[in-house]
Each structure stands twice: as C-alpha cells, then as structure tokens.
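# Notes for the structure review
Listed here are the chains, written in short residue letters.
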Amino acid sequence: MRPKTEARVQFGRIVYDTVALCVCIIFLVPVLWAVLSAFQPPQSLFLFPPNFDPRGFSLINFRAVFGSGDVPSYALNSLIVATTSSLITVIASSMAGFALAKYRFLGRQFIFMLIISVLLIPLQVLMVPVFQILKTLGWINNLIGIIIPPAATATGTFMMRQYILGIPDDLLEAARIEGASEWNIYYRVILPLSAPALGAVGILSFTWRWNDYLWPLIVISDQQKFTLQLSLANLVGTNTVEWGTLLAYATLTMIPVLVVFICFQRYFLKGSLTGAVKG
Amino acid sequence: MHRLVVCVAAGLLIAVSVSEAKTLSVLLLANASTQTQIQQLLKEYSAENSGIDFNVSIVPYSSFTAKVNTLVAGGEPPDILEVTTAYIQTYADLALDLTQYTDRSELLNRYLPSYQAFIKSGNKVIGIPIEATINGLFYNKNLFAQAGITVSADPAHIWTWMQFKETLERVMKLRSCRIGVAYDCSVQRWSNLLYQANGRWISTDGRQILPDRQAATQALTFFRGLIEAKLVPTSSWPGKTDGGPLFKTGVTAMMWAGNWELKTLVEGGTLFPFGTTFFPKDAIRAACPGGEFVMGFAKSQNHDDAAKVLLWWAKPETTKRYLESLGGSLLSPMQNLPVNYGKYTEYLKPMLDDLSATPDWVAEDLARPQLNLLQNDLLDQLILYSTGRAGLDATLSRIDQLGSQVLNRPKQ
Amino acid sequence: MASIDSRATEPDTRKGHPSGIDGNAPGRRFEFKWAPYLFLLPTVGFLCVFSILPMFSGFWMSLHRVDVIRGTFNFIGLANYTRLFHDSQFGLSIFNTAWYTLTVVPLIVVASIAIAVCLRESRPARLLARVGFYIPFVLSPVVVATSWKWLLNEDLGVIDGFMKWAGLSTIPWLSADFPARVSVVLASVWNLVGFYMLMVLAGLSQISHDLYEAARIEGANRWRQFWHITLPLLRPTILLIVILATIHATQAFETILLLTDGGPGGATRLVVQNMYQAAFGRLEPGYGVAQAVVLMPVILCVAWLQMRLFKEEGIF
C-alpha cells in the first residue's frame, strides 16, 4: 500500500467521522434545547428569542429537583427495578428464544403467535384487571409488582429468537454428540454465542424499565416506593407545569441509562461469529 | 436480589399492620404550588391527634382517572382524595357523606354560593373546598405601553368583546408582539365565552346540551373570529401549547388563564412587567370558578377518621392557615374569610371582582359530571369549528348527538 | 466432528428422548421433549398471568356496560361491538393508525440501517455518534413531546423561523391535518431510531468480515458490498424490525398524546388513544376493550403476512 493512499484513506475516515458527528448534533437539537433550557433561570425560560448565554446559566432548576421529593430514594428504586428486571428479562427471553429457534415441538407455532399477540394487548385499557391480579398476588404497592410482570417481554423473546436462528445447528449437534444436556447446550453454547443479542436485550430492557410509567402508576401508591419516572410525571401539575424543574429532572434521569448503554455497547458489539462460520 | 426486596417489603407490611396508629391513605394531585403545603397541614393534624398518620401519594392530573378508577374498582379507594371541580361530582355516589357527621346547612353556608354548588349532591355534602381558582386575564405591560393602551382598572369600564378584539389588534401591530392572546386549548377556557354570552352547557333539567342556541352561536362565532384574525395563535388553538410558556416569551400581549399562573410568574419572575385585568363582557360578566376539594369515600378503610380530618379542614381557621401557607396565590372559597394575599393582592383584585360578578349558575353548570365525560368530544368539535374545518350547523348537530348519547344514558 | 458411526453407537442423552439408536428415525417429526417447554415456561408463564389473563378479563368486560365507579356490570352481549361499526371516530383512528404505521415503519427501517451501517466501525467518533443517536430513545415522552412542540411552534419555533428567514411560508406543523401527521411521524422516528439501530448493529456483528474481504479482493466497491452482502444477510434482522416496528406503531400512544393530543380535531388520534378516552374519558371501559379485541386479530394477520412475505424460516 503506497503511503500516499494510506494517508488519503485516513483523511477520508476523519472527514467521515466529522460528518457523522455533525449529523448527530443536528439530530440532537431537540435534546440540546431541553438540556440548555434546564439551565435557564425561571424568568429566562421560554424567553423569545432564547438566550442561551452560558453566563446566564443557573443551577436553580437542578436544586429544585432535589427539593421536589426524596430523589435519591426514587433513584435507588428505579435502579433496583431496572437492574433486576433486565436480568430476569435477559434470562427468560434467551431461554424462550432458544426454545423457539432451535427446537421443533408440538405447539411451536401456536406459542410463537401467542407471544407476538401479547404485544398487541394495550395495557392502558386493562389497568383494572391487572390491578386485581396483582392484588390477589399481594404485589400491590411493592417493587416486585413492577419488577416481575413487565420482565417477560415479547419483544425480547422475539429478538433473541431471531439472533439464535443464526447460530449454526452444527454447533448444537456437536455439543449433543459430546453428551451435553440441553441445559448445558443453552448455558455453554447458546449464551456465549448470542452475547451481542443478550447485550442488546439487556440495554433495551434496562431502558424500558427505567422509563416505565404505566406499571408503576398502577402498582405503586407509597411515595417512598416511587420511581424517578413517577416522580418526574408529578411535575406536570393540574394547571401549570414546573417546566424548569421538569427539564432539569429529565436531563438527570437520562444519564444513568446512557451510562449503561456506553458501558455495554463496547462489550457486546465486539463479538462476531467469525470463527464458527466458514465463509 | 429480589428476594431481599421481598423480605424488606414483607417486613414493612408486617410493621405497618402491627402498629397501633391508624394510617389514612391520601391521594393528592400533583401541583408544585400546593402539594408540600397540604402534606405540611396533614402533619399538623397528626401532631394534634396522636394515633393518626397519613400515607400520602401524589398522582398527576393526566393520570388521575386512571389511578383513582383503578383503585376504586379494585376495592381500595383512598381515605382522602384531592379532586378538582371537573371530577368531584363524578364520584358523588361513592363519596363520604359529611352530613352524617355534622349539620348540613351550617357546613354549606360557610362557603361561597358557587362552591356550595360543587359540594352538594342531593342531600349529601360530598367534599370540602380547600382553595378557589378563577380564570383571569393577564397582559404584558411593556407591549401595552408601547402600543399606547391603558388597561382599565375600574369595573365600570370593562371592555366589550368588540373592544377586546380591537385592543388585541392594536397591540399586535407592534413588531415586538408576535402573539395576541395565549389561550389554552380546553373546554373550560372556551366556556368562559359561553357564559359571558349568557349561555350554558347543560340545561337545568339535565336533558339538553347547549340549550341557549343564540348564546352558543355568539360565543362560537366570536372565538372563530379571534382565530381567523390570528389574535389567538395556531400554537394555542389547535396546537395545544400551554399558555404559560407562551406568555413568558415576552412577545405575547395577553394570556387568558387564571390565578394559578400567578405563583410561577411572580416568584419565578418575568423579564417584563405584567398585570391582570378584568375579562371582557358580552351579555354579562362571567369567569369560570374552579378549585380544589378534598373528599372521602364511604367504603374506604378509615372513612370515619377521614371525615374528622375533612371537617377539621372545613374550620375557617384551618382553611385560612392553609391558604396563607400558600403565600396567597390561591383564593379563599369561604365566605367572610379575610385572607392575607400578600404580594398577590394587586394581581388578584380584578379576578376577585370577576368572581363576585359571576352568577352562581355558572358553577352549577361546570360541576356537571356529564360535561366532564364529554370533554374530549366537545373539544374536538370546538376545534373543528373554530379553525374553520366544520360549519356551524354541522358542529351544533354533532354536539347535540354527542350530548344526547351521554345525557340520556340509562341510569343503572 | 463426530462421524456417523460414533453417533450410532453413543447412547442418546437428550432429555426425555427415548433411548436407543432409533431416536433419529426418519419420518418422526414431533418427538416429545421436555426441554423446549421448560425453557419457555418463565416467559410464557409471566405473559399468561400478566398480559393474557387481563385480556380475557377485559374481553368479559367488553360484553358488559361497566360502571367503574358504582361497580355495576350489565350484560349487553355484543352491543359494544356492533356500536363500533357505526363509530366514525373509531374508523378515523384506524385510518390514522394505518397511515402512521405505513409511514413510520419504512422510515425506521431505512434510517436505522443507514445509521448502523455508517457507524459500524469501532472508531471513537463513531462510538460517540452511536450514543448520540441512542439518546432520544432514552428520553421520557414528556421531554420528547415538549421539545418537538417548541421546535415546531408556528409562531416562535426554530423550524418555521428558519423558513421565514429563507422567504418561505411557514408550515402549520401542529395545526393542520397533514402536517400534524407528518410531525407525529417525525417525532416518533426520531425517538425510536436508536432502539432499532441497536438491533441492526447486533445483526451486523453476525456477518463475518471474511465475506467482505473476499468481495473486496474480487473488486466489489462499498456500495456493492452493502447491496449484495450486508442487506441479504440482514434479512432476519430487517424482518424483526419490520414486525416489531409495525406492532409498536399500532400501540403508539404517549408521545403522540403529549405532542398533539390527537391532533387538530382528531387527525392524529390513533387507536390506543381512542381506547383510552373511551375507558377513562367517557368512562366506558367495556367499549374501550372492545376496540382492542377487534384490532388484535387484524394486526396479528398483518404480522403473519409480513412473516410470509419474508419467507420466515422455521415457522412456515
């Protein structure tokens, strides 16, 4: 490779990177508006034309966030719920996805369509029956009630199934011939090979549970068991909205989810089946 | 991990059931102006009455029916519920009847006639008004000064609808004015005009919707005119942008809102001076009274204790204490109760005057639960007509249709 | 790798499988194994209890006139369902949902593939850009709706401000039927593309680099590599995205509610909002559930058709 072409390729890459970042920033304009507005003192919020001069920035909205309730508790609740539920989701949906992808059994078609049809059930109109079921289980006003029920996601199962379909059957056969039990096949062959999808489902599940609103609304009544989303929603008052506090709160609540994303995306997007697939 | 959570939760549940104190479940509406003060007030009650504790939960208005109906249908109604004018009559059949605990007329007569209408249901008294709100008209002093218009401070010289429209047109000629009047997109705000035209939504016998066709037509055409003249911006109708943020931009001449905006505007401050003034009049003067109430449920776990709390709140000194803890931005629903409104006094003057000029039947009309059920449908029709997408006759006949569906619903 | 001989002599250790060399006799298609059922148990169990059971309960409700407040149930048979046929509001919401779905799904597929493919390499700038595109997915609907509402404000918003400056007439983004529908689609795609980008990235990671190497050696340029290697091998992922996006689109509710509340006079009111208003606005929960019951088989058919179209392996 001649050095000149190498340099051109490098330069091309840098231009590409810059363009990508610029597009990304334009894409994020609404978010930037929200975040910058969070730093506006109350009298400047919504001012037209907007004055985003950093010298006028104030932390008053962020202070108000912590004054709006026991935010560290809510954050802890959100964290517990999101982490636990994602773990359950990753395990449950990978097991289900494996079963649907790699086994032929009676009722396979039926169960598959059943799982998809669950996605079509709008919880919004079923709040009363759901409440009654949870009440029978004794899970009302309990974090369990928002960890377990939403943990079995049809979307997660579907995603895992699609990914596991791509794992070559030869590997499973090889393991079976070597005497592995079905559980071992799942644990030692499927799980490691589906790491990218597991990571994706984990991240998405964490995001969903972190942002869940409907389930906690139905289940939780005790103020101290509130999640961040419930507490944030309460900034939308009957007649007025606490815009400054709300924007600051929303800015803060998105940070943990982003951290999870950043940490996990590098881990799960590195792998590929290069070794197993013969080109 | 979740086993730990179960253990902790179980432990808490056991602890709560074993303790001797009674804990009343309280469901409050999310409202930054009042929720802390209400909890503070309840703490004072706990201090005075040992053995009574409160477990307060807060729910936003948009999820109000969802949450309350789920709890009620699930057999767990809260002991005390904070509710607005739109919803108090909806729960009338299940409400805790306070006449079982005290004298009916004595209790009712403490309150302004408009508010008596909200808490009466047959012979029952179903709740206690804790604060009063009233619609009000705000204006940007800078823009009005630039346009050379003085706003009347005298109730004898109130704008007519035409004068109101002309004023807005004059101010909008300024380059620095982008929006005429920020007008929230809701049935309640629009109803102001209906009442000013001396019309009502539901007839006194409860069978017909918009019984005064002339008044209704008057209000509908006037409002449509405001939109066509671009005095009401499309971001308000039908854009549904909140009036508060629009007014705070500083390029809006007026805001058709209510006294609840005062707290944000006065304490948060604005970069421009603003004032309040009287609503314009048509056939009569009218503003929409509203407010917050607390009520109980007859079947809740601790309804007797809840009744005691409600009646304690109904005492003038408690109400006054509560209102003053709010700083004075919200009004008193009680008769003959002088409350110190502090820095809000000047702003509240025109609104209080509007409130006293409003006939009592306005509150009765607003309190009808059927009006609440029709909210979304009526708003659709109002939007369709006001933005020129539907004709007058079509709109009125559609409203008749929707109205009869609900008003003539078979009673169970 | 084992040879055929060893397979014939090893005892078959699959759980529940009849032991003996004849376990793999050709022609036997459905053999009873415990394993798949056990693997499916947690998911199906949870879904049954928390989703399917409420649905049955809801269906029961739809056969009654339910007064939630007084707790009375009056059996009215299929009256709610016959009412749906005459309900123009319901019809409008179905049309809106169909329009929305048919617009959002292709946009999401194209956008997520484009972004994922462009950001495929693990260079720092592109990893950062990935986070950037994911951020909108993480925002709560209130923030998404509010920020878009302000951007699209006809009097004061940035977009119309730009158009005025460019000499064009402003677009009534949220106050006219068609622009409102477009706004809602834009805001939704913006919100969701990060989620689907992740799925495409996971799918891309399954494609071996060797294939691209081989193609490059044969002289194929980037575009041909994309068209002949990437796209075909992404087929399962694309199917997944299409089905999920379709189903999620039919369930779209909260963001649209906050952005347009059903749009100017109902132009952006989708089915779930219609159901919600029936249940909690007009207090007719039976009628709300009836709408859900009617729509489920319709959407299921659409999903089934999509799978047929993509010749989904393994099921059909």
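Residues numbered from 1 in each chain as written. Chains lettered and ligands numbered in written order. Predicted model: local features only at pLDDT ≥ 70, side-chain atom pairs only at ≥ 80, totals over all residues.

Along chain B, the regular secondary structure elements total 19 helices and ten strands. Relative to the 2.2 N^0.38 estimate, which gives 22 Å for 412 residues, the radius of gyration of chain B is 23 Å and therefore close to what a compact globule would have. Over its C-alpha atoms, taken along the principal directions, chain B stretches across nearly 70 × 55 × 50 Å. Scored against the burial criterion, the 412 residues of chain B give a buried share of 52%. (Helix = DSSP H or I, 4+ residues; strand = E, 2+ residues; numbered from the N terminus. Rg over C-alpha atoms; globule rule 2.2 N^0.38 Å. Buried ≥ 20, exposed ≤ 12 C-beta atoms within 10 Å, placed from the backbone.)

Turning our eyes to something else, we now look at the packing of helix H4 (residues 71-102) of chain A against helix H8 (residues 154-165) of chain A. All names here are of chain A. Interhelical geometry of H4 versus H8 gives an angle of 50 degrees and a closest axis separation of 7 Å. It follows that H4 is oblique to H8 by the angle criterion. For the pair H4 and H8, the sense of crossing is right-handed. Taken together, the residues of H8 that come into contact with H4 (itself represented by Thr89, Ser93, Ser94, Ala96, Gly97, Phe98, Leu100, Ala101 and Lys102) are Gly156, Thr157, Met160, Arg161, Ile164 and Leu165. Broken down by class, the residue content of the contact of H4 with H8 amounts to seven nonpolar, six polar and two charged. (Axes fitted to C-alpha atoms, helices over the stretch in contact; angles between N-to-C directions. Parallel < 35°, antiparallel > 145°, perpendicular 65-115°, else oblique. Left-handed = near helix turned anticlockwise from the far one by under 90°. Contact = placed C-beta atoms within 7 Å. Nonpolar A, V, L, I, M, F, W, Y, C, P; charged D, E, K, R; others polar.)

Right, let's get into helix H8 (residues 161-172) of chain B. Residues and elements named next belong to chain B. Over its twelve residues, H8 runs 17 Å from end to end, which matches the ideal 16 Å to within 8%, given 1.5 Å per residue. Where H8 is concerned, the buried positions are Trp161, Phe164, Thr167, Leu168 and Val171. The arc that holds the buried residues of H8, viewed along the axis, is 125 degrees, so those residues lie on one side. On its buried face, H8 sits against helix H7 (141-147), strand S7 (179-183), helix H10 (213-228) and strand S8 (252-258). (Expected span 1.5 Å × (residues − 1). Arc of directions from axis to C-beta.)

Right, let's talk about the domain arrangement of chain B for a bit. All names here are of chain B. The domain architecture assigned to chain B consists of domain 1 (20-133 + 290-356) and domain 2 (136-288 + 362-407). Put simply, the middle of domain 1 and the middle of domain 2, counted by C-alpha atoms, are 28 Å apart. Every contact between the two is made by 23 residues of domain 1 and, on the other side, 22 residues of domain 2. Breaking the side of domain 1 that touches domain 2 down by element, the ones donating at least two residues are helix H4 (85-88), helix H6 (113-119) and helix H15 (345-357). (Domains from an automatic or database assignment.)

Each partner contributes to the interface: chain C provides 87 residues, whereas chain A provides 85 residues. Within the residue set of the side of chain C that touches chain A, elements represented by two or more residues are helix H2 (35-62), helix H5 (124-138), helix H6 (141-151), helix H8 (177-204), helix H9 (209-217), helix H11 (235-250), helix H13 (271-281) and helix H14 (285-309) of chain C. Per-class residue counts for the side of chain C that touches chain A are 60 nonpolar, 16 polar and eleven charged.

All names here are of chain B. Counting buried residues along helix H3 (residues 64-73), ten of its ten residues qualify, which places the element largely inside the surrounding structure. By the burial criterion, the buried members of H3 are Phe64, Thr65, Ala66, Lys67, Val68, Asn69, Thr70, Leu71, Val72 and Ala73. Directly beyond the C-terminal end of H3, a positive phi value near 80 degrees is found at Gly75.

Moving on to unusual backbone geometry. A:Phe48 connects to A:Pro49 through a cis peptide bond whose omega is -10 degrees. Looking at the element boundaries, A:Pro49 is found in the loop between helix H2 (29-38) and helix H3 (60-67). The step from B:Trp237 to B:Pro238 runs through a cis peptide bond, and the omega angle for that step is 0 degrees. In this structure, B:Pro238 sits in the loop between H10 and helix H11 (243-248).

A few words on the nonpolar core. Ranked by size, the top nonpolar core spans 301 residues in total, and within it A:Ala250, B:Val181, B:Met295 and C:Tyr196 carry the most contacts. Considering each element in turn, this core owes the most residues, 17 residues, to H8(C). Other than its neighbours up to four places away in sequence, B:Val181 contacts B:Leu168, B:Leu231, B:Val232, B:Ala253, B:Met254, B:Met255 and B:Trp256. (Core = buried A, V, L, I, M, F, W, Y, C linked by C-beta atoms within 7 Å.)

Once that is clear, we can look at the environment of B:Asn259. Residues and elements named next belong to chain B. Among the structural elements, Asn259 can be located in the loop between S8 and helix H12 (261-268). By the C-beta count within 10 Å, which is 26 here, Asn259 ends up buried. C-alpha of Asn259 to C-alpha of Thr133: the two residues are 126 residues apart in sequence and 6.1 Å apart in space. Beyond its immediate sequence surroundings of up to four residues, Asn259 is in contact with Thr133, Ile134, Gly136, Ser329, Leu330, Leu331, Leu348 and Met351.

A few words on the pairing of strand S1 (residues 64-67) of chain C. Where S1(C) meets strand S2 (residues 72-75) of chain C, four bridges bridge the pair, whose relative direction is antiparallel. Bridged to C:Arg65 within S2(C) is C:Asn74. (Pairing = 2+ DSSP bridges.)

Listed as interface residues are 34 residues of chain A and, on the opposing side, 39 residues of chain B. Counting residues per element, the side of chain A that touches chain B draws most heavily on helix H6 (residues 127-137) of chain A, at five residues. Across the side of chain A that touches chain B, the residue classes break down as 19 nonpolar, twelve polar and three charged.

The next subject is the packing of H4(A) against H2(C). Contact geometry of H4(A) with H2(C) gives a least axis separation of 8 Å together with a crossing angle of 140 degrees. In terms of orientation, H4(A) lies oblique with respect to H2(C). Like other packed secondary-structure pairs, H4(A) and H2(C) cross with a definite hand, here left-handed. Where H4(A) abuts H2(C), its residues A:Ala92, A:Ser93, A:Met95, A:Ala96, A:Phe98 and A:Ala99 lie against C:Pro36, C:Phe39, C:Leu40, C:Pro42 and C:Thr43. Tallied by class, residues from the contact of H4(A) with H2(C) come to nine nonpolar, two polar and no charged.

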